[in-house]
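So the chains spell out like this:
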Amino acid sequence: MASFADLTSEMDATLLASLKDGRVDFLTASGSVAVDGLDAIVEQDVERIDELSGALQRVVTICVLKNALGGYDRKGAFRSNAGEPVELLADKAMHLDGIESDDGSLITFYVRP
């Protein structure tokens, strides 16, 4: 019998596959590809409060399966995958700018150009 964690991971993978905006590649800080072809949900105009000024910012987030990403470079970036591109990321790398949420299965990053 499958464990609850296994069932949750399987459910998250199924949901991400059906809701994804396309695929992204994760790059190291030096620009080399660390992980190729991650299913991703990309959202724009996500509200984020600047901790220093208290100002409301509109940012981009990228959500991927945490176990598919594996260990990652905190100065890394995402770019659109050529095989199944994400229109919002066309021709640009989006660098990590923080973690929006992490439930152990899915991880969502704040990103910036």
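Model, not experiment: these values are computed from the prediction.

K.L.:
What exactly am I supposed to notice about the overall build of the chain here?
P.N.:
Of the regular secondary structure elements, the chain holds 2 helices and 6 strands. Scanning the chain from its N terminus toward the C terminus, one meets helices and strands in the order α-β-β-β-α-β-β-β. Its C-alpha atoms give the chain a radius of gyration of 14 Å, within 12% of the compact-globule value 13 Å for 113 residues. Its C-alpha atoms give the chain principal-axis dimensions of roughly 50 × 30 × 25 Å. Residue burial in the chain is summarised as follows: out of 113 residues, 35% are buried. At a minimum sequence separation of 6, the contacts of the chain that also span at least 24 residues come to 50%. For the chain, the computed accessible surface area is about 6900 Å², with 51% contributed by carbon and sulfur atoms. Counting 10 positive and 20 negative side-chain charges, the chain places the averaged centre of each group 6 Å from the other.

K.L.:
Looking at this model, I keep getting lost on the side chain of D39. Mind explaining?
P.N.:
Within the secondary structure, D39 sits in strand β2 (residues 33–49). On the accessibility criterion, D39 (18% relative accessible area) is buried. A polar atom in the side chain of D39 sits 3.1 Å from the side chain of K20. Looking at D39, its side chain comes within polar contact range of the side chain of R23, at 3.4 Å. Not counting chain neighbours up to four residues away, the residues in contact with D39 comprise L16, A17, K20, G22, R23, C63 and V64.

K.L.:
Honestly, the pairing of strand β6 (residues 106–112) in this entry has me stumped. Any pointers?
P.N.:
Within a regular strand, side chains alternate between the sheet's two faces. Within β6, 6 of the 7 residues are buried, which leaves it mostly tucked inside the rest of the structure. In terms of strand pairing, strand β3 (residues 56–65) meets β6 through 6 bridges, oriented antiparallel. Within β6, the position partnered with T61 by the bridge is Y110. Summarising the sheet, strand β5 (residues 94–102) and β6 pair through 6 bridges and their orientation is antiparallel.

K.L.:
Mind showing me how you'd approach the side chain of S105 here?
P.N.:
Counting through the fold element by element, S105 comes out in the loop between β5 and β6. In this structure the side chain of S105 is engaged in a polar contact, spanning 2.6 Å, whose partner is the side chain of D12. With near-sequence residues (within four places) excluded, S105 lies in contact with S9, D12, V64, L65, K66 and N67.

Reading the values: rules and limits
Residues numbered from 1 in each chain as written. Predicted model: local features only at pLDDT ≥ 70, side-chain atom pairs only at ≥ 80, totals over all residues. Heavy atoms only, no water. Helix = DSSP H or I, 4+ residues; strand = E, 2+ residues; numbered from the N terminus. Rg over C-alpha atoms; globule rule 2.2 N^0.38 Å. Buried < 20%, exposed > 50% of the residue type's maximum accessible area, 1.4 Å probe, protein only. Contact = heavy atoms within 4.5 Å. Areas by Shrake-Rupley, 256 points an atom, 1.4 Å probe, with all protein chains shown as cover. Lys, Arg positive; Asp, Glu negative; His and termini not counted. Charge placed at Lys NZ, Arg CZ, Asp CG, Glu CD. Polar contact = N/O pair within 3.5 Å; in protein donor to acceptor, adjacent residues only side chain to side chain. Pairing = 2+ DSSP bridges.

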